[in-house]
Amino acid sequence: MEKYICPRHDIELLKKDACPKCLEIINSVVPDAQADRLEELKFWCEEPRILTVNIGNLLERVEKLMGRPVWDLELAHPEDLIHELETNQKINFDRVLDKIKDFAPNATMIPLIVEENNE
Ligand SMILES: [Zn+2]
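Residues numbered from 1 in each chain as written. Predicted model: local features only at pLDDT ≥ 70, side-chain atom pairs only at ≥ 80, totals over all residues.

1. A word on the overall build of the protein
Consideration 1: Helix and strand content of the protein: five helices and two strands.
Consideration 2: If you line up the protein on its principal axes, its C-alpha atoms span 40 × 40 × 35 Å.
Consideration 3: Buried residues in the protein amount to 13% of all 119 residues.
Consideration 4: At a minimum sequence separation of 6, the contacts of the protein that also span at least 24 residues come to 46%. (Helix = DSSP H or I, 4+ residues; strand = E, 2+ residues; numbered from the N terminus. Buried ≥ 20, exposed ≤ 12 C-beta atoms within 10 Å, placed from the backbone. Contact = placed C-beta atoms within 7 Å.)

2. Focus: unusual backbone geometry
Consideration 1: Here the amide bond leading from E47 into P48 is cis, since omega sits at -10°, within 30 degrees of zero.
Consideration 2: Looking at where P48 falls in the secondary structure, it is placed in the loop between α2 (34-45) and α3 (55-66).
Consideration 3: Notably, N88 is not glycine yet its phi reads approximately 55°, a positive angle.
Consideration 4: Its place among the elements puts N88 in the loop between α4 (78-86) and α5 (93-103).

3. Details of the packing of α2 against α3
Consideration 1: At a minimum axis distance of 10 Å, the contact between α2 and α3 shows a crossing angle of 155°. By the criterion of interaxial angle, the relationship of α2 to α3 is roughly antiparallel. In this structure, α2 crosses over α3, and the sense of that crossing is left-handed. Note on element contacts: α3 touches α2 through L58, V62 and L65, opposite R37, E40, L41 and W44. (Axes fitted to C-alpha atoms, helices over the stretch in contact; angles between N-to-C directions. Parallel < 35°, antiparallel > 145°, perpendicular 65-115°, else oblique. Left-handed = near helix turned anticlockwise from the far one by under 90°.)

4. What to know about the nonpolar core
Consideration 1: L41, W44, L58, V62, L65, V70, L81 and L85 together form the largest nonpolar core, which totals eight residues.
Consideration 2: For this core, the elements supplying multiple residues, two or more each, are α2, α3 and α4.
Consideration 3: Per element, the largest residue contribution to this core is three residues, and it comes from α3.
Consideration 4: When residues no more than four places from it in sequence are discounted, the contact partners of L85 are Q34, R37, L38, L41 and M66. (Core = buried A, V, L, I, M, F, W, Y, C linked by C-beta atoms within 7 Å.)

5. Quick word on the confidence of the model for the protein
Consideration 1: In the predicted model, the protein carries a mean pLDDT of 89, and the fraction of residues at 70 or more is 98%.
Consideration 2: Here α5 is the element of the protein with the lowest mean pLDDT, 79, and helix α1 (residues 20-26) is the one with the highest, 96. (pLDDT = per-residue confidence, 0-100.)

So this is what it looks like as structure tokens:
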């Protein structure tokens, strides 16, 4: 079994396993203060960028830190997310769509509206 070391907690783990200390952070209450959210965002984005938790869990956490939906490819450019939070911008969904156009100028975008069925 291949192993890795969580660069933040210096714990050796099997590649298939999440770091328990990182999971503790990801499952904790999201800080209210912008400075604390920024610090945590940097924690997840800083080098070396080794995924120590499930990507879905990370994306969900980043959305909570940002206070908006985050497109998964935005994680490829964390400096933009950090800048957005640092400057306390609230970008709207049009701006997120613009980012997608920047990443994939020839992509066809199909809006998909998912309604929850609460019955
Ligand atoms: Zn860790």
